[in-house]
Amino acid sequence: MSVATGPSATGSSATAAEDAVRVAAVGDIHLGEDCTGLLRTAFDGLTDCADLLLLAGDLTRHGTAAEAEVVAGEVRGIGIPVVAVLGNHDYHSGEEAGITRVLRDAGVAVLEGESVVLSVAGHKVGVAGTKGFCGGFVGRSAGEFGEPEMKAFVRTTRLSAARLTAALGDLAVGGCALRIALTHFSPVPDTLAGEPLEIYPFLGSYLLAEAIDSAGADLSVHGHAHLGTEHGMTAGGVRVRNVAQPVIGKAYALYHLHPDGHGGPAR
Amino acid sequence: MTEPHTGAHEDEYRIARLRERLAGDDVAELGIQVEQRGGAVLLTGTVPTVGHRDEILLLARGELGGLTVRVDLEVACADAPDRWEELS
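Throughout, a residue's number is its position along its own chain's written sequence, starting from 1. Here every chain gets a letter starting at A, and every ligand a number starting at 1, in the order they are written. This being a predicted model, a pLDDT of at least 70 is required before a residue's local features are given, and a value of 80 or more before pairs of side-chain atoms are given or counted; all residues contribute to the totals for chains, interfaces and linings. Only hydrogens and water are removed before side-chain values are computed, so all heavy atoms of the structure are retained for them.

A closer look at the overall build of chain A
- Going along the chain from the N terminus, every DSSP run of H or I of four or more residues is numbered as a helix, and every run of E of two or more is numbered as a strand. Across its full length, chain A carries six helices and 14 strands.
- For a compact globule of 267 residues, the expected C-alpha radius of gyration is about 18 Å, and chain A comes in at 17 Å, within 12% of that figure.
- Principal axes of the C-alpha set define a box for chain A whose edges measure 55 × 45 × 35 Å.
- Each residue's exposure class comes from its accessible area (1.4 Å probe, protein chains only) as a fraction of the maximum for that residue type: buried when under 20%, exposed when over 50%, partly exposed otherwise. Each of the 267 residues in chain A was classed as buried or not, and the buried ones make up 56%.
- Surface accessibility in these figures is a Shrake-Rupley result with a 1.4 Å probe; residues are shielded only by whichever protein chains are displayed. Carbon and sulfur atoms make up 54% of the accessible area of chain A, which amounts to about 9900 Å² in all.
- In this charge count, Lys and Arg are treated as positive and Asp and Glu as negative; neither His nor the chain ends contribute. The atoms used to mark charge sites are NZ of Lys, CZ of Arg, CG of Asp and CD of Glu. The positive charge centre, built from 18 side chains, and the negative charge centre, built from 30, are 4 Å apart in chain A. Between the two quantities, the radius of gyration covers C-alpha atoms and the globule rule is 2.2 Å times the number of residues to the power 0.38.

Here's what the structure looks like:
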């Protein structure tokens, strides 16, 4: 990885390379009703240093539409496109539909097994998103066997992965210069390093990585693993970034992607 | 009849109960680690606000009364980054 000194927090117009698509990303902000304005100052500077903002789920604390209003207030009108997936916290109160509606009303593209194409920085950038689910990683994963509850558990992940494959495939057909996979749960164990090994099966699934590798992507972004690490890679060579706020230690992480990069294995 | 055991293992169940309460409806904090270290119970993790940290501390002291509770809970940094990563 190369890390360049970037724009200041006050929003210098300096850029590393003119052809770069600048991606800001954060997950696990867990905003409660008492968190109004917590991230707004940082987000107000995004137009100077980013072309789009990705939100990798767990945007609310208890998963209520009232908390989603707080999230909406943080990102409404920030001047760049915002794309989100929901996380497990956002489902906790059974108000995920309301949360989605509140965020969409604020201009956020909320994805669940869907994709969106953005025209930013002179390029077509596609984002395919799903919350994803858990089950574990190769050699240490749950199987679709036995009790109906266990089968339903694994099928949930399998369905989510299938929808991610299809959404990334749509972006390939659409001729996007860059494709990004956005999930809440992790596709790889690399970015879980620091979490207790015993809970890895509850933090992600290899099925998501298989989807990303089979359809191809330039970058995979996820959250969920607060004690994990930022950097990882799928078996197929797609870079993975864990942007859970406790991991990145900032309001968001910034990545500069180049449309003439390797483009993912399945392009 | 065997008398029920009390002692260190009881502390383990109290810690498990605290973790359940942290993950419950009121607090909804799944990212807090609660572990026994050196005769004390250590809480680590990152929370969105100082208020959340205080809320967790109050709950821990209530559930773990009589045990020493040490808290290393950080409040998430809400500052913009001063660098980017070049992916090429």
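Structure's up, so let's keep going.
Observations regarding the sheet that holds strand E2 (residues 40–47) of chain B
Residues and elements named next belong to chain B.
- Taken in spatial order, the three strands of this open sheet run E1-E2-E3, and their pairing is mixed. The open sheet terminates on both sides in strands that have one partner only, identified here as strand E1 (33–37) and strand E3 (68–75). When the angles between neighbouring strand axes are averaged without regard to direction, this sheet yields 20°.
- Pairing between strands is defined by DSSP: at least two bridges between the two strands are required. In this structure, E1 lies alongside E2, joined through five bridges in antiparallel fashion. The partner of glutamate 35 across the bridge, within E2, is leucine 42.
- Only heavy atoms matter for contacts: two residues are in contact if any of them lie within 4.5 Å across the pair. Helix axes use the C-alpha atoms of the stretch in contact, all axes being lines fitted to C-alpha atoms, and the angles between their N-to-C directions lie in the range 0 to 180 degrees. Across the face of the sheet, helix H2 (residues 50–63) comes into contact with E2 and E3 while running at roughly 165° to E3.

Things to note about the interface of chain B and chain A
- Of the residues lining the interface, 26 residues belong to chain B; the matching set on chain A comes to 43 residues.
- The quantity reported as buried area is the accessible area (1.4 Å probe) lost by two parts once they are put together, taken as the sum for both. In total, chain B and chain A occlude about 3100 Å² of area from one another, counting both sides; carbon and sulfur atoms represent 55% of this.
- Together, B:Trp84, B:Glu85 and B:Leu87 form the three largest contributors to the area buried by chain B at its contact with chain A, with a combined 29%.
- The partner of B:Glu85 in a salt bridge is A:Arg241, with the nearest N and O atoms 2.7 Å apart. The term salt bridge refers to a side-chain nitrogen of Lys or Arg lying within 4 Å of a carboxyl oxygen of Asp or Glu.

Description of the packing of aromatic side chains
Residue and element names in this part refer to chain A.
- Only Phe, Tyr and Trp rings are paired, with Trp represented by its six-membered ring, and only when their centres lie within 6.5 Å; those with planes under 30 degrees apart are stacked, over 60 edge-to-face, the remainder tilted. Considering all chains together, one arrives at three aromatic pairs over all chains under this definition.
- Ring centres of phenylalanine 133 and phenylalanine 185 lie 5.8 Å apart, and the angle between their planes is 70°; this geometry places the pair in the edge-to-face category. Placement of the pair is phenylalanine 133 in the loop between strand E7 (123–130) and strand E8 (136–137) and phenylalanine 185 in the loop between strand E10 (178–183) and helix H5 (206–215), with a sequence separation of 52 residues.
- The exposure class of phenylalanine 185 is buried, given its relative accessible area of 3%.
- We call a charge positioned above a ring when the Lys NZ or Arg CZ atom is no farther than 6 Å from the ring centre and deviates by at most 35 degrees from the ring normal. Against the face of tyrosine 91 rests lysine 131, its NZ or CZ located 5.2 Å from the ring centre.

Side note on helix H2 (residues 65–75) of chain A
All names here are of chain A.
- Buried residues of H2: Glu67, Ala68, Val70, Val71, Ala72, Glu74 and Val75, and no others.
- In this structure, the buried side of H2 is in contact with helix H1 (40–44), strand E3 (52–56), strand E4 (82–85) and helix H3 (96–105).
- Note on H2: the residue one or two positions beyond its end, glycine 77, has a positive phi of about 70°.

A closer look at unusual backbone geometry
Residue and element names in this part refer to chain A.
- Its identity is not glycine, yet aspartate 58 carries a phi of approximately 50°, on the positive side.
- By the element assignment, aspartate 58 lies in the loop between E3 and H2.
- Assessed through its relative accessible area of 2%, aspartate 58 is described here as buried.

Re the side chain of B:Gln33
- By the secondary structure assignment, B:Gln33 is in strand E1.
- You can call B:Gln33 buried: its relative accessible area is 10%.
- Not counting residues up to four positions away in its chain, the partners in contact with B:Gln33 are A:Pro196, A:Leu227, B:Arg19, B:Leu42, B:Leu43 and B:Thr44.

Thoughts on the environment of A:Leu52
Residue and element names in this part refer to chain A.
- In this fold, leucine 52 is placed in strand E3.
- Classification of leucine 52 as buried rests on a relative accessible area of 0%.
- With 19 residues separating them in the primary sequence, leucine 52 and glutamate 33 have C-alpha atoms 25 Å apart.
- The contacts of leucine 52, once residues within four sequence positions are left out, are Val21, Arg22, Val23, Ala24, Ile80, Pro81, Leu118, Val120 and Val127.

Considerations on the environment of A:Ala172
Residue and element names in this part refer to chain A.
- Take alanine 172: it is sitting in helix H4 (residues 148–173).
- Under the relative-accessibility criterion, alanine 172 is labelled partly exposed at 42%.
- Along the backbone, alanine 172 and alanine 215 are 43 residues apart, and their C-alpha atoms lie at a distance of 8.0 Å.

Description of the packing of H4(A) against H5(A)
All names here are of chain A.
- Packing of H4 against H5 brings their axes to within 9 Å, and their N-to-C directions diverge by 20°. With respect to each other, H4 and H5 are oriented roughly parallel. In this structure, H4 crosses over H5, and the sense of that crossing is right-handed. Across the interface between the two elements, Thr157, Arg158, Ser160, Ala161, Leu164, Thr165, Leu168 and Gly169 from H4 touch Leu207, Leu208, Ala211, Ile212, Ser214 and Ala215 from H5.
- The class makeup of the residues in the contact of H4 with H5 is eight nonpolar, five polar and one charged. What sets the label is the angle itself: under 35 degrees gives roughly parallel, over 145 gives roughly antiparallel, 65 to 115 gives roughly perpendicular, and the rest give oblique. What makes a crossing left-handed is the near helix being turned counterclockwise from the far one by less than a right angle; a clockwise turn instead makes it right-handed. Lys, Arg, Asp and Glu make up the charged group, whereas Ala, Val, Leu, Ile, Met, Phe, Trp, Tyr, Cys and Pro make up the nonpolar group; the residues left over, Gly among them, are polar.

Re the pattern of salt bridges
All names here are of chain B.
- For the structure shown, the criterion picks out 13 salt bridges over all chains.
- Salt-bridge contacts for glutamate 10 lead to arginine 17; the nearest nitrogen and oxygen are separated by 3.7 Å.
- When the shortest N-O distance is used, the salt bridge between arginine 37 and glutamate 35 registers 2.7 Å.
- Of the residues examined, arginine 37 reaches a relative accessible area of 48% and is grouped as partly exposed.
- Owing to a relative accessible area of 31%, glutamate 35 belongs among the partly exposed residues under this scheme.
- Through salt bridges that share partners, Glu10, Arg17, Arg21 and Glu63 make up one connected network.

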